[in-house]
Amino acid sequence: MSTSFTLTPAAEKFIGRIVRFSGIPAAGLRLQVSPGGCSGYSAEFSAEAVPQDGEQVFVVSGLKFFVAAESRLLLDGVTIDFTETPTSSGLSFLNPKQQACGCSSAEAALPPGVAKIKLGAIGRGRPASLVS
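Here's a quick rundown of the structure. (Residues numbered from 1 in each chain as written. Predicted model: local features only at pLDDT ≥ 70, side-chain atom pairs only at ≥ 80, totals over all residues. Heavy atoms only, no water.)

Take the sheet that holds strand E4 (residues 55–60) next. Here we have four strands laid out as an open sheet, ordered E3-E2-E5-E4, and mixed in their pairing. Across the chains shown, the open sheet's two edge strands, defined by having one partner strand only, are strand E3 (41–48) and E4. Strand-to-strand twist across the sheet, computed as the mean angle between neighbouring axes with direction ignored, equals 25°. Here E4 runs beside strand E5 (residues 63–68); their pairing, made up of six bridges, is antiparallel. Paired with Val-59 across the bridge in E5 is Lys-64. (Pairing = 2+ DSSP bridges. Helix = DSSP H or I, 4+ residues; strand = E, 2+ residues; numbered from the N terminus. Axes fitted to C-alpha atoms, helices over the stretch in contact; angles between N-to-C directions.)

So, about the environment of Pro-25. When you line up the elements, Pro-25 lands in the loop between helix H1 (9–20) and strand E2 (28–35). For Pro-25 and Glu-48, which are 23 residues apart along the polypeptide, the C-alpha to C-alpha distance reads 9.3 Å.

According to the stated counting rule, one finds three aromatic pairs in the structure shown. The interplanar angle of 85° and the centroid separation of 5.2 Å between the aromatic rings of Phe-5 and Phe-65 together place this pair among those described as edge-to-face. Taken together, the residues Phe-5 in the segment before strand E1 (6–7) and Phe-65 in strand E5 connect sequence positions 60 residues apart. What makes Phe-5 buried here is its relative accessible area of 6%. We classify Phe-65 as buried; its relative accessible area is 0%. Their ring planes at 20° and their centres at 4.6 Å tell us that Phe-14 and Phe-82 sit as a pair that is stacked. On the criterion of sequence distance, the pair formed by Phe-14 in helix H1 and Phe-82 in strand E6 (residues 79–84) is long-range, its members being 68 residues apart. (Phe/Tyr/Trp six-rings, centres within 6.5 Å; stacked < 30°, edge-to-face > 60°. Buried < 20%, exposed > 50% of the residue type's maximum accessible area, 1.4 Å probe, protein only.)

Written out as structure tokens, the structure is:
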């Protein structure tokens, strides 16, 4: 099975800027996704020069992604978007296969299959943190 994920135009623009302004020639985006929380995902990303051992390189919309096997399984069929509101901005992972959370905090949680990452946590060589 091959992994397939898509980017919205807003995500393409945002990720392109991260890679371009990283200062790393021919950089790609290391994307690590794991299950967790009401949003369905915990995610980290950083601009990097080369993939690590075990990571596969994907080119989506002209952008390079370095993704490990565990993350490839979770990203299959997912659409990555960039959203911005008056109070927050970040990447959203929209997974049509994700089920709703049944925990008591579900009403305050993001819609099923959506995870947001705070922009303020982005740093070159430092993974961004998840907002749930």
